[in-house]
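Architecture and fold: a report
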Amino acid sequence: MGFFPFLIRYNSEAPEKAKGGTDILDKETFIKKLLLYKDTVFRIAYSYTKNTGDAEDISREIFLKFYTSSPSFSSDGEEKAWLIRVTINKSKDFVRSAWFSKRVVEPEYRQIYEMNESQSDILEKVLELPDKYRIVIHLYYYEEYSIREISEITGAKESTVQTRLQRGRKLLEKKLKEEHLYDERTIHFGYEKNHNEG
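Overview of the structure. (Residues numbered from 1 in each chain as written. Predicted model: local features only at pLDDT ≥ 70, side-chain atom pairs only at ≥ 80, totals over all residues. Heavy atoms only, no water.)

1. A look at the overall build of the protein
Broken down by element type, the protein carries nine helices and zero strands. N-terminal to C-terminal, the α/β element order of the protein is α-α-α-α-α-α-α-α-α. Here the protein, with 198 residues, has 42% of them falling under the buried criterion. With the model as given, the accessible surface of the protein reaches about 11100 Å², and the carbon-plus-sulfur share is 48%. (Helix = DSSP H or I, 4+ residues; strand = E, 2+ residues; numbered from the N terminus. Buried < 20%, exposed > 50% of the residue type's maximum accessible area, 1.4 Å probe, protein only. Areas by Shrake-Rupley, 256 points an atom, 1.4 Å probe, with all protein chains shown as cover.)

Right, dumping it as structure tokens:
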């Protein structure tokens, strides 16, 4: 991803104070957080745009907002959830724009998600799902969030998240069967989950 030019511009573009006059993150702390969260933010953006250049642009905007607004969080989990939430909102706005309709989809799933051919075939079908199903499946399986956590991130009720997850699975299973990609091994989309659905 193109974050190195962003880090280089950091020295000349970064303001000394956040919006509202509060102290901003120091450079070392910001870079640590950037490196910690950049892959998650990029994958979320890519799941909407399906274009690496657009996903990188959105990611840079998100981290610039994170830096300049200097929000405070009670935990790393809350911080990561905030980044995911603003990335989802920014990505939704972007795909609704006239500019997005002119973009070209770049099928680079395997490189971006570091997966084998079978897993990338499955991910391709995940990315074809409607937004409301795709994002819960993405957060649940690829970012390993629980239903409760997804509810908190998206603002949807837990029952709504559960329903969208179930319907998304059924739609995905149908797509995989149509492409002769479905078998018992795909039930967990290429890997086992490490947490319960609660």
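Having seen it, we continue.
2. Some points on the packing of helix 2 (residues 27-49) against helix 4 (residues 76-95)
Two elements in contact, helix 2 and helix 4, have axes separated by 9 Å at closest approach and are oriented at 30 degrees. By the angle between their axes, helix 2 is roughly parallel relative to helix 4. Read as a crossing pair, helix 2 and helix 4 show a hand that is right-handed. Every residue of helix 4 that contacts helix 2 at Lys33, Tyr37, Thr40, Val41, Ile44, Ala45, Tyr48 and Thr49 is listed here: Asp76, Glu79, Lys80, Leu83, Ile84, Thr87, Ile88, Ser91, Lys92, Phe94 and Val95. In terms of residue class, the contact of helix 2 with helix 4 is built from ten nonpolar, four polar and five charged. (Axes fitted to C-alpha atoms, helices over the stretch in contact; angles between N-to-C directions. Parallel < 35°, antiparallel > 145°, perpendicular 65-115°, else oblique. Left-handed = near helix turned anticlockwise from the far one by under 90°. Contact = heavy atoms within 4.5 Å. Nonpolar A, V, L, I, M, F, W, Y, C, P; charged D, E, K, R; others polar.)

3. Details of helix 8 (residues 147-154)
For helix 8, every residue scored as buried is listed here: Ile147, Ile150, Ser151 and Ile153. All buried residues of helix 8 fall inside an arc of 165 degrees around its axis, so they share one side. For helix 8, the elements touching its buried residues are helix 4, helix 7 (131-142) and helix 9 (158-178). Downstream of helix 8 by one or two residues, Gly155 has phi in the positive range, about 85 degrees. (Arc of directions from axis to C-beta.)

4. Structural notes on the environment of Leu171
Inspection of the secondary structure assignment puts Leu171 in helix 9. In this structure, the C-alpha to C-alpha distance between Leu171 and Lys125, residues 46 residues apart in sequence, is 9.4 Å. Those residues in contact with Leu171 that sit more than four places away from it in its chain are Leu129, Pro130 and Tyr133.

5. Thoughts on the side chain of Ser151
As for its position among the elements, Ser151 is in helix 8. We classify Ser151 as buried; its relative accessible area is 12%. Ignoring any residue separated from it by four or fewer positions in sequence, one finds Ser151 in contact with Ala156, Lys157, Glu158 and Val161.

6. Focus on the environment of Thr163
Position of Thr163 relative to the elements: it lies in helix 9. Looking at Thr163, the relative accessible area reads 30%, which means it is partly exposed. For the pair Thr163 and Val136, spaced 27 residues apart in the sequence, the C-alpha separation amounts to 10.0 Å. A distance of 2.9 Å separates a polar atom in the side chain of Thr163 from the backbone oxygen of Ser159. (Polar contact = N/O pair within 3.5 Å; in protein donor to acceptor, adjacent residues only side chain to side chain.)

Spatial relationships are all this shows, so hold off on functional conclusions.
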